[in-house]
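Residues per chain are reported as follows:
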Amino acid sequence: MDIDTLTLPFRFAFMQNAFAICIIVSVPTALLSCFLVLKGWALMGDAVSHAVLPGIVLAYILGIPLIIGAFAAGMTCAVATGYLATNSRVKQDTVMGVVFSGMFGLGIVLYVSVETNAHLDHILFGNMLGVDRSELWTSGLIALGVGGILTLKWRDWLLHSFDPAQAQTAGLRVNWLHYGMLAALSLTIVATLTAAGLILAIGLLIAPGAIAFLLVRRFQHMLWVSVLVCMSAMLAGTYASFFLDSAPAPTIVLILTALFIVAFIRRQITTRRASARRVARG
């Protein structure tokens, strides 16, 4: 292909907005994914991403901004899950499965019961090629706030992720850290609604951190690697979707999945070589 064909996607305004939203949402999702992977909160991200649907529909009915309803529903799901897990014999993953499936079902029932111009496919799978300037500003402000807080307080959340009891002994406000992480998760999902949708947002919240975990050993390096991986995959997936005539969000997740497989294979090979060297020395 010649240079004109290669640069063709950058000439369209809708593609420029798509590339911009990729850069914006890749930072908070990647940073947050590192903590979710270490803390074992993958299912929590899945639960919150599904639970925002009834909040979106209710916000549409009430005539308020959709992001307010989405954030309120996400926090309600997260807080309810934590309360039920603490005050019952049921394990947290089971509670999350019940809560998020129930709220997602409620969202579907509400959606089909009201007349709306919003397309369910766009809510579930994203509409990256239809992003407008106002959505870029909204996502940008959320990404700036969440990314800034995670960058400044990453050591506190790292200690809380590994050992909450030690974090409390060190004088950290454990409850603030816990619910602050849930708030950051809900806000990040709201920021990614336009780009990835509810279902595919979980890929952006887990895969970058998992890939970085396999590639590096130090957590501060893991943060930067996850951002680079997520941003590169999102830009590459959006660019490739233009020529493949595919939806950008699923293409991005497929690239992240392929990168995870490559990182996993690389880690296995490195581990086996290290074990072989130790055996040879012994």
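Going by the structure above, here's the rest.
Computed from a predicted model, the values in this text were never measured in an experiment. (Residues numbered from 1 in each chain as written. Predicted model: local features only at pLDDT ≥ 70, side-chain atom pairs only at ≥ 80, totals over all residues. Heavy atoms only, no water.)

S.K.: Where do I start with the overall build of the protein chain in this structure?
M.R.: Secondary structure assignment for the protein chain yields 12 helices and 0 strands. Taking 19 Å as the expected radius of gyration for a compact globule of 282 residues, we find that the protein chain reaches 20 Å, a close match to that expectation. A buried classification covers 44% of the 282 residues belonging to the protein chain. Surface summary for the protein chain: the accessible area is close to 14,600 Å², and the carbon and sulfur share equals 66%. Across the protein chain, the mean location of the 17 positive side-chain charges is 24 Å away from that of the 11 negative side-chain charges. (Helix = DSSP H or I, 4+ residues; strand = E, 2+ residues; numbered from the N terminus. Rg over C-alpha atoms; globule rule 2.2 N^0.38 Å. Buried < 20%, exposed > 50% of the residue type's maximum accessible area, 1.4 Å probe, protein only. Areas by Shrake-Rupley, 256 points an atom, 1.4 Å probe, with all protein chains shown as cover. Lys, Arg positive; Asp, Glu negative; His and termini not counted. Charge placed at Lys NZ, Arg CZ, Asp CG, Glu CD.)

S.K.: Help me out: how do you make sense of the packing of helix α11 (residues 219–244) against helix α12 (residues 248–281) in this one?
M.R.: Angle between the axes and distance between the axes: these two values describe a pair of packed helices. At a minimum axis distance of 8 Å, the contact between α11 and α12 shows a crossing angle of 130°. Classified by the angle between their axes, α11 and α12 sit oblique to one another. Pair α11 / α12 crosses with right-handed handedness. Of α12, the residues touching α11 (which contributes V229, A233, M234, A236, G237, T238, A240 and S241) are P248, T251, I252, I255, L256 and L259. Residue composition of the contact of α11 with α12, by class: 10 nonpolar, 4 polar and no charged. (Axes fitted to C-alpha atoms, helices over the stretch in contact; angles between N-to-C directions. Parallel < 35°, antiparallel > 145°, perpendicular 65-115°, else oblique. Left-handed = near helix turned anticlockwise from the far one by under 90°. Contact = heavy atoms within 4.5 Å. Nonpolar A, V, L, I, M, F, W, Y, C, P; charged D, E, K, R; others polar.)

S.K.: Quick question: what am I supposed to make of the pattern of salt bridges here?
M.R.: Close approach of charged atoms allows side chains of opposite charge to pair. If you walk through the whole model with that rule in mind, you get 1 salt bridge. A salt bridge links D4 to R11, with the nearest nitrogen and oxygen atoms 3.3 Å apart. (Salt bridge = Lys/Arg side-chain N within 4 Å of Asp/Glu carboxyl O.)

S.K.: Please clarify how the nonpolar core should be interpreted in this entry.
M.R.: Nonpolar side chains tend to gather and get buried jointly when the protein is soluble and globular. Judged by nonpolar contacts, the single largest core of 73 residues is most densely connected at L32, F35, L185, F219, M234 and L256. Here this core gets 20 residues from one element, more than from any other, and that element is helix α10 (residues 174–215). (Core = buried A, V, L, I, M, F, W, Y, C linked by side-chain atoms within 4.5 Å.)

S.K.: What is the right way to look at a nonpolar patch on the surface in this model?
M.R.: Together, L58, Y60, I61, L62, I64, L66, I67 and I68 make up a nonpolar patch on the protein surface, roughly 710 Å² of accessible area in all. Elements that contribute at least two residues to the nonpolar patch include exactly α3 (42–62) and α4 (66–86). Top element by residues in the nonpolar patch is α3. It accounts for 4 residues. Within the secondary structure layout, Y60 lies in helix α3. Y60 gets classed as partly exposed once you look at its relative accessible area, which sits at 38%. (Patch = residues over 30% accessible without salt bridge, like charges linked within 9 Å, V, L, I, M, F, W, Y side chains within 5 Å.)

S.K.: Mind showing me how you'd approach helix α7 (residues 133–152) here?
M.R.: Counted at 1.5 Å a residue, the expected span for α7 with its 20 residues is 28 Å, and the 28 Å between its end C-alpha atoms agrees. The complete set of buried residues in α7 reads L136, S139, I142, A143, V146, G147 and L150. Down the axis of α7, the sector holding all buried residues measures 140°, keeping them to one side. Residues of α7 that are exposed and angled more than 90 degrees away from the buried face: R133, W137, L141, L144 and L152. (Expected span 1.5 Å × (residues − 1). Arc of directions from axis to C-beta.)

S.K.: Explain the environment of L177 to me, please; I cannot follow it from the model alone.
M.R.: Inspection of the secondary structure assignment puts L177 in helix α10. Judged by its relative accessible area of 10%, L177 is buried. C-alpha separation for the pair L177 and I269, spaced 92 residues apart in sequence, amounts to 37 Å. Those residues in contact with L177 that sit more than four places away from it in its chain are D156, W157, H160 and L172.

S.K.: How should I be thinking about the packing of aromatic side chains in this particular structure?
M.R.: How two aromatic rings sit relative to each other is given by the distance of their centres and the angle of their planes. Applying the stated rule across the entire model yields 9 aromatic pairs. Measuring from ring centre to ring centre gives 5.0 Å for F10 and F19, while their planes differ by 25°; the resulting arrangement is stacked. Seen from their ring centres, F12 and F242 are 5.8 Å apart, and the 35° between their planes marks the pair as tilted. Taken as a pair, F12 in the loop between α1 (3–6) and α2 (13–39) and F242 in helix α11 lie far apart in primary sequence, 230 residues in all. Residue class for F12 comes out partly exposed when judged on its relative accessible area of 33%. (Phe/Tyr/Trp six-rings, centres within 6.5 Å; stacked < 30°, edge-to-face > 60°.)

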